[in-house]
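Geometric and topological summary
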Number of protein chains: 2
Amino acid sequence: MQTTYYNTVSTTTRKRFSQDVGCISCENHNCLIKRNLSSLENSEINIEKSNLRCKKGQQFIIEGAPVNGLFFVLKGKVKVFRTGIIGREQIVRFATAGEIIGHRGFGTEEYYSIGAIALEETVLCYFSKNDLQDILQANPKFAYDMMLFYANELNRSESKVKSISQMTVRERVIDTLLYINKKFGSNKGFLDVPLSRREYAEYAGTTEEQVIRIFSALKKENFIISKGKKIGINDIQLLKNEISEHNFYLDS
Amino acid sequence: MQTTYYNTVSTTTRKRFSQDVGCISCENHNCLIKRNLSSLENSEINIEKSNLRCKKGQQFIIEGAPVNGLFFVLKGKVKVFRTGIIGREQIVRFATAGEIIGHRGFGTEEYYSIGAIALEETVLCYFSKNDLQDILQANPKFAYDMMLFYANELNRSESKVKSISQMTVRERVIDTLLYINKKFGSNKGFLDVPLSRREYAEYAGTTEEQVIRIFSALKKENFIISKGKKIGINDIQLLKNEISEHNFYLDS
DNA sequence: ATTAAAACCTGTTTTTTAGCAGGTTTATTT
DNA sequence: AAATAAACCTGCTAAAAAACAGGTTTTAAT
């Protein structure tokens, strides 16, 4: 069992050893840090890390706040968004265990350009900008993995640009369902993440009403089932067929 | 003057020294390779590189073709796009000297998910997947710089997702003009890149007709001037004001 | 210089999508 | 268990944008 801190990220720089915060004993093998742990030990850098526990709905990155580091998701589910014209949010991606939150939490940028909110009980590992830079500079394999992570996210994001630009609302909603299924999977027949119709809309780039209408239609057509907020996909392939003309190279 | 090859990228693996293809004497100081040259020399890896000269309109990356490496732009201008539903292209970004083309030209991906076409006489430097992986693994600073490049592009792409989703067509066209101006600058009062109305539309995520209509309106309102294909921006700030409500944190 | 082909333009129609209004159901709090 | 809030739903209306049609101008090729 590892020590966990309930306070928000502090700017004070306490000296601690990596063992104190549990990277060594951590079971999250999707984590880039964890996967590169052997080389990290060799480099003999003391990783200064804080753990942060978030309740459902808690915002841990605020758009426009000063950047001082970035987060790795140890456990839980998160939405990453940008706030647009009054009140309207655009969810740009979701993240789960092992993923990185806080783009450009290093480099020369001064402010976060995104916000992040926990969708359920979530535990985050926080690394300060400076520490992370040291680790990256000293560990080519780690920097390489980080690069791949961003390159893949870029690919997905550019794919999304095309989707929003060229798909109809119905297709975008279907695309969203497939993305959510791929990212979070299903449990007992229902997508394993609690999202409101509004949140589906904020990812698909449309309105709550449209999502409701389209879910109703998809339900009537036996593509999906729904029970309150919970949505279940009956046949993945059937949904994929509906948008296949847009995905020549299966990039989703 | 460095040797240039006019043929398309060959899959044969000739052994050459980096000097042969001119990285040492190259004047392109925006290039990530060039900026990391000192450490590259120390690592004593022979960079196997091909130069490729493209005429205006020539396509050098084809969507769906097998990935075997990636390109650095030595000189010229390029558009990067994805082909959507029949005939319609979505331009996802433009690139100029020093930038990288061919996402995931390494990693585990097998096929290009984007296409790329030269917008004018362009010279590219091509690096094979394997060579690049070797260089990156051995040079943390280089891998770090590559990571920053992708992280920044990701940021821009996610910003674009929000734009396309929340802005009106007029705002998107204005946003496109500002992006083109920032990327390619102006020459004698006109944006320094030859783009058709259709290409502006393909980046803005709309139709040629809409771009024409909006350019006409902007001209009438004295925001821009136009002379054939050439477009000039009269007052950058004036255009920025039109979309300022969407850019709380100046991310464009 | 002539022809052909792009590219550009504008008015009209049709389609799609957002916004609004006024409900019901489901979930949460006291 | 009742009250309150949040989420969900549906029909209608309005707005935005795409598609179409039929031009003109500009650019490139012979």
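Above this text is the structure in question.
What this report covers is the structure whose coordinates are included nearby. (Residues numbered from 1 in each chain as written. Chains lettered and ligands numbered in written order. Predicted model: local features only at pLDDT ≥ 70, side-chain atom pairs only at ≥ 80, totals over all residues.)

A few words now on the overall build of chain A. Looking only at helices and strands, chain A features nine helices and 12 strands. Looking at chain A residue by residue over its 252 residues, the buried ones come to 43%. Intrachain contacts of chain A at a sequence separation of at least 6 include 72% that bridge at least 24 residues. (Helix = DSSP H or I, 4+ residues; strand = E, 2+ residues; numbered from the N terminus. Buried ≥ 20, exposed ≤ 12 C-beta atoms within 10 Å, placed from the backbone. Contact = placed C-beta atoms within 7 Å.)

What follows covers the protein's contact with DNA strand D. Residues in close proximity to DNA strand D total 18 residues, the closest being S196, R197 and S216 of chain A together with T168 and G228 of chain B. Taken together, the elements giving at least two residues each to the surface near DNA strand D come down to α7 (197-204) and α8 (208-220) of chain A together with α8 (208-220) of chain B. Counting residues per element, the surface near DNA strand D draws most heavily on α8 of chain A, which supplies five residues. Split into classes, the residues belonging to the surface near DNA strand D amount to three nonpolar, eight polar and seven charged. (Near = placed C-beta within 6 Å. Nonpolar A, V, L, I, M, F, W, Y, C, P; charged D, E, K, R; others polar.)

In the neighbourhood of DNA strand C, 18 residues make up the surrounding shell, with T168 and G228 of chain A together with S196, R197 and S216 of chain B lying closest. Secondary-structure elements contributing two or more residues to the surface near DNA strand C are α8 of chain A together with α7 (197-204) and α8 of chain B. If one sorts the elements of the surface near DNA strand C by residue count, α8 of chain B sits on top with five residues. Its residues placed into classes, the surface near DNA strand C shows three nonpolar, eight polar and seven charged.

Let us now look at the packing of helix α6 (residues 169-184) of chain B against helix α9 (residues 236-243) of chain B. All names here are of chain B. Running from amino to carboxyl end, α6 crosses α9 at an angle of 140 degrees, the nearest separation of the two axes being 9 Å. Considering the angle they form, α6 stands oblique to α9. Where α6 crosses over α9, the handedness of that crossing is left-handed. When α6 is examined against α9, the residues E171, I174, D175, L177, L178 and N181 are found in contact with a partner set consisting of I236, L239, K240, E242 and I243. Here the residues of the contact of α6 with α9 are counted per class, giving six nonpolar, one polar and four charged. (Axes fitted to C-alpha atoms, helices over the stretch in contact; angles between N-to-C directions. Parallel < 35°, antiparallel > 145°, perpendicular 65-115°, else oblique. Left-handed = near helix turned anticlockwise from the far one by under 90°.)

With that settled, consider the relation of the copies chain B and chain A. Superposition record for chain B on chain A: RMSD 0.0 Å, screw rotation 180 degrees, translation along axis 0.0 Å. In symmetry terms, the pair is related by a two-fold rotation axis. With an isologous cut-off of 70% or more, the 100% of interface residues of chain B that recur at the interface of chain A puts this contact in the isologous class. (Least-squares fit on C-alpha atoms with pLDDT ≥ 70 in both.)

As a further point, take the sheet that holds strand β4 (residues 77-83) of chain A. All names here are of chain A. Read across the open sheet, the four strands follow the order β2-β7-β4-β5; overall the sheet is antiparallel. Because the sheet does not close on itself, it has two edges, and the strands there are β2 (59-61) and β5 (89-96). On average, adjacent strands in this sheet sit at an angle of 30 degrees to one another, irrespective of strand direction. Bridging between β2 and strand β7 (residues 115-118) involves two bridges; their strand directions are antiparallel. Bridge pairing in β7 places I61 opposite A116. Along the sheet face, α7 touches β4 and β5 and points at about 100 degrees away from the line of β5. (Pairing = 2+ DSSP bridges.)

Our next topic: the environment of R170 of chain A. Residue and element names in this part refer to chain A. With respect to the element layout, R170 can be found in helix α6 (residues 169-184). The exposure class assigned to R170 is partly exposed, which follows from the 17 C-beta atoms found within 10 Å. Residues R170 and A204, 34 residues apart in the sequence, show an inter-C-alpha distance of 9.4 Å.

All names here are of chain B. Spanning 16 residues, α6 covers 22 Å between terminal C-alpha atoms, matching the ideal 22 Å at 1.5 Å per step. Of the positions making up α6, those classed as buried are R172, V173, I174, D175, T176, L177 and I180. Those residues of α6 that are buried lie in contact with α5 (140-166), β10 (190-191), α7, α8, β12 (230-233) and α9. Once α6 ends, the next one or two residues include G185, with phi positive near 70 degrees. (Expected span 1.5 Å × (residues − 1).)

On to unusual backbone geometry, then. Residues and elements named next belong to chain A. Despite not being glycine, N222 shows a phi value in the positive range, around 65 degrees. Counting through the fold element by element, N222 comes out in the loop between α8 and β11 (224-227). Take N222: there are 10 C-beta atoms within 10 Å of it, and that puts it in the exposed class.

The next subject is the interface of chain B and chain A. Taken residue by residue, the interface counts 45 residues in chain B and 45 residues in chain A. Examining the composition of the side of chain B that touches chain A, we find that 21 residues originate from one element, α5 of chain B, more than from any other.

Let's shift gears to the sheet that holds strand β7 (residues 115-118) of chain B. Residues and elements named next belong to chain B. Strand order in this open sheet of four strands is β2-β7-β4-β5, and the pairing throughout is antiparallel. Bordering the open sheet on either side are β2 (59-61) and β5 (89-96), each of which pairs with just one other strand. Taken over all neighbouring pairs, the strand axes of this sheet differ in orientation by 30 degrees on average, direction set aside. Taken together, the four bridges between strand β4 (residues 77-83) and β7 define a ladder with antiparallel strand orientation. Considered in β7, the bridge of V80 is made with A116. Across the sheet, α7 touches β4 and β5, and the angle it forms with β5 is around 100 degrees.

Counting residues in hydrophobic clusters, the biggest one holds 129 residues, and the most contacted among them are M147 of chain A together with M147 of chain B. Residues within four places of M147 of chain A in sequence aside, it is in contact with A143, M146, M147 and Y150 of chain B. (Core = buried A, V, L, I, M, F, W, Y, C linked by C-beta atoms within 7 Å.)

Residue and element names in this part refer to chain B. Topologically, M167 is positioned in the loop between α5 and α6. Given 20 C-beta atoms within 10 Å, M167 falls into the buried group. Along the backbone, M167 and A116 are 51 residues apart, and their C-alpha atoms lie at a distance of 26 Å. Apart from the residues lying within four places of it in its own chain, the contact partners of M167 are R172, D175, I243 and H246.

Close contact between helix α4 (residues 129-138) of chain A and α5 of chain B brings their axes to 7 Å; oriented N to C, the two are set at 125 degrees. Our classification of the angle between α4 of chain A and α5 of chain B gives oblique. Together, L136, Q137 and A138 of chain A of α4 of chain A and P140, K141 and Y144 of chain B of α5 of chain B make up the contact between the two elements. Of the residues that constitute the contact of α4 of chain A with α5 of chain B, the class distribution is four nonpolar, one polar and one charged.

These results come straight from atomic positions and should not be treated as a statement about function.
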